Amino acid sequence: MPILTYRDALNDALREEMERDPDVFLMGEEVAEYDGAYKVSRGLLEEFGDKRIVDTPITELGFTGIGVGAAMAGLRPVIEFMTFNFALLAIDQIVNSAAKISYMSGGQFRIPIVFRGPSGAALQLGSQHSQAFDSWYANVPGLKVVAPATPADAKGLLKSSIRDNNPVVFLEGEMLYNTKGEVPDGDHLVPIGRADIKREGSDVTIVCYAKTLAPALKAADTLASDSGISAEVIDLRTIRPLDTEALVASVRKTNRCVIVEEGWPFSGIGAQLVDTIQREAFDHLDAPLLRVTGADVPMPYNKKLERAAKPTPQKVIEAVKQVTYST
């Protein structure tokens, strides 16, 4: 299998889906002439032309609304936000139009649209450009929310999202674009709503997704070598719909669980996972469920404070040792 970066895997997915289906087009700020702010759309303008790779003005609400209308008319738009922080300006179109039109029309309209772009914190971009809104979108009925962690999953899930007949919020971890991994050849599809066990284990389940996969795997390796603790690492890949079956099966096997997420703790994704696990696997738990989250503050600009505000392997290790009573 070829080794690709996360951004190149996304680029492949866009190219293959545009070749496969002439109704697919990409629209957003700097996606055409500049090849995308993060070069995800590199080379697509030359290949598909300016009717399918469309540069827009700085008007998120406007071009998102155009995308929703195009989806109602039968096209399959991919709307790129330069960052999901800027999608706040389009939240009305995402939540009140895209998510609701199918329901409010009694199914007369389908909205096959993908909203994609970088999410969460990078390095010293300040609090207004470092926010993880995963739980915001996951709270809305009618939206699917996808957050891949690896190049292979990024490609397979973006292709599945473009083919889906429902609006999909596709969150790309801003620090993941340069990461590399094997990506299967051919028409590689990853089903929406199916988690993946990235590391088998028997003593504790570590649940993660997107950027938190890396610290979770590092923590699991350290726990195994230093403490003999066998951690199973589950990558959700899709936040909504949630793969409850895989999540609960792992916790029933390990009897302990630590949840790692980039976002804020209050009403976060982890809170929903805790509720799901305690309802479905309460009798199998040998310890309280613990969460490792971002700090409950606007993201600091200061490098050391920013690092302290993010989930780290050491924070995951400490939580695992608490639930395994190894401290």
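Numbering of residues begins from 1 in every chain and follows the order in which that chain's sequence is written. Predicted model: local features are reported for residues with pLDDT of at least 70 only, side-chain atom pairs are reported and counted for 80 or more only, and whole-chain, interface and lining totals are derived from all residues. Based on all heavy atoms of the structure, the side-chain values leave hydrogens and waters out of the count.

1. A short note on the overall build of the chain
Next, step 1: Only runs of H or I of at least four residues qualify as helices and only runs of E of at least two qualify as strands under DSSP, and these elements are numbered from the N terminus. A count of helical and extended segments in the chain gives 12 helices and 14 strands.
Next, step 2: With the radius of gyration taken over C-alpha atoms, the globule rule is written as 2.2 Å times the number of residues to the power 0.38. By the compact-globule yardstick of 20 Å for 327 residues, the chain fits well, its C-alpha radius of gyration being 20 Å.
Next, step 3: Once the C-alpha set of the chain is aligned to its principal axes, its extents read approximately 60 × 45 × 40 Å.
Next, step 4: Categorising residues by exposure relies on relative accessible area from a 1.4 Å probe, with only protein chains included: less than 20% of the type maximum marks a residue as buried, more than 50% marks it as exposed, and the intermediate range marks it as partly exposed. Put simply, the chain has 327 residues, and 55% of those count as buried.
Next, step 5: Contacts: residue pairs with any heavy atoms within 4.5 Å of one another. Residue pairs in contact within the chain that sit at least 24 positions apart in sequence constitute 81% of those at least 6 positions apart.

2. Examining the nonpolar core
Next, step 1: We define the nonpolar core as a collection of buried residues of types Ala, Val, Leu, Ile, Met, Phe, Trp, Tyr and Cys that are connected through side-chain atoms lying within 4.5 Å of one another. The biggest cluster of nonpolar side chains holds 44 residues, and the ones touching the most others in it are Phe 81, Phe 84, Ile 94, Phe 115, Tyr 137, Val 169 and Ile 277.
Next, step 2: Mapped onto this core, the elements with two or more residues apiece are β2 (24–28), α3 (60–72), α4 (91–98), α6 (134–138), β7 (168–173), α9 (244–254), β13 (257–260) and α10 (269–281).
Next, step 3: The contact partners of Phe 81, leaving out residues within four places of it in the chain, are Glu 60, Phe 63, Thr 64, Ala 87, Ala 90, Ile 94, Phe 115, Arg 116, Gly 117 and Pro 118.
Next, step 4: Core analysis: the second largest hydrophobic core is formed by 27 residues, Leu 14, Ile 162, Val 190 and Ile 192 among them.

3. Some thoughts on the state of the cysteines
Next, step 1: The disulfide definition used here is simple: a pair of cysteine sulfur atoms within 2.5 Å. A complete count under the given rule lists 0 disulfides for this structure.
Next, step 2: Considering cysteine sulfurs only, Cys 257 is the nearest to Cys 208, which forms no disulfide, with 10 Å between them.

4. Here we look at the layout of surface pockets
Next, step 1: In this analysis a 1.4 Å probe is tested at points of a 1 Å grid over the protein atoms alone, and where it fits but cannot get out there is a cavity; an open set with protein on both sides within 12 Å along at least five of seven lines is a pocket; lining residues have an atom within 4 Å of a point. Grid points are joined across faces, edges and corners, and a volume is the space filled by probe spheres set on the points. For the largest pocket, the calculated volume is near 610 Å³.
Next, step 2: Around the largest pocket sit 26 residues that line it, and Met 175, Lys 211, Ala 214, Pro 215 and Pro 311 are the ones nearest its centre.
Next, step 3: The set of elements that each furnish at least two residues to the lining of the largest pocket consists of α8 (213–227) and α11 (303–309).
Next, step 4: Looking at the lining of the largest pocket, the element that brings in the most residues is α8, giving 5 residues.
Next, step 5: Just so you know the grouping, Ala, Val, Leu, Ile, Met, Phe, Trp, Tyr, Cys and Pro go in nonpolar, Asp, Glu, Lys and Arg go in charged, and all remaining residues, Gly too, go in polar. Taken together, the residues of the lining of the largest pocket sort by class into 13 nonpolar, 5 polar and 8 charged.
Next, step 6: In this structure, the second largest pocket encloses a volume near 250 Å³.
Next, step 7: Taken together, 14 residues form the lining of the second largest pocket, with Ala 138, Ile 239, Arg 240, Ile 269 and Gln 272 sitting closest to its centre.
Next, step 8: Here the lining of the second largest pocket takes 5 residues from α10, the largest share from any one element.
Next, step 9: Of the residues contributing to the lining of the second largest pocket, the split by class is 6 nonpolar, 7 polar and 1 charged.

5. Describing the sheet that holds strand β3 (residues 53–55)
Next, step 1: If you trace the 7 strands from one edge of the open sheet to the other, you get β3-β2-β4-β5-β7-β6-β12, paired in mixed fashion. Each of the sheet's edge strands pairs with one partner strand only, and the pair in question is β3 and β12 (238–240). The sheet shows a mean angle of 20 degrees between the axes of neighbouring strands, taken without regard to direction.
Next, step 2: Across 5 bridges, the pairing between β2 and strand β4 (residues 76–80) is parallel. At least two bridges found by DSSP between two strands are what make those strands a pair. All axes are obtained by fitting lines to C-alpha atoms, using only the stretch in contact for helices, and the reported angles, taken between N-to-C directions, cover 0 to 180 degrees.

6. As for the packing of aromatic side chains
Next, step 1: Centres within 6.5 Å make a pair out of two Phe, Tyr or Trp rings, where for Trp the six-membered ring is used; the pair is then stacked when the planes are under 30 degrees apart, edge-to-face when over 60, and tilted otherwise. A full pass over the atoms with the stated rule returns 8 aromatic pairs.
Next, step 2: With a centroid separation of 6.0 Å and 80 degrees between ring planes, the pair formed by Tyr 6 and Tyr 177 is classed as edge-to-face. Highlighted residues: Tyr 6 in helix α1 (residues 6–20) and Tyr 177 in the loop between β7 and β8 (180–182), separated in sequence by 171 residues. As far as the burial class goes, Tyr 6 and Tyr 177 line up, both buried.
Next, step 3: Between the aromatic rings of Phe 81 and Phe 115, the centroid separation amounts to 6.3 Å while the plane-to-plane angle is 20 degrees, which identifies the pairing as stacked. Linking Phe 81 in the loop between β4 and α4 with Phe 115 in strand β5 (residues 114–119), this pair joins segments that are 34 residues apart in sequence. Each member of the pair, Phe 81 as well as Phe 115, is classed as buried.
Next, step 4: Here a set of aromatic residues connected by ring pairs shows up, and it is made of Phe 63, Phe 81, Phe 84, Phe 115 and Tyr 137.
Next, step 5: Seen from the ring of Tyr 34, Lys 39 lies directly overhead, with NZ or CZ sitting 3.4 Å from the centre. Criterion for a charge above a ring: Arg CZ or Lys NZ at most 6 Å from the ring centre, at most 35 degrees from the ring normal.

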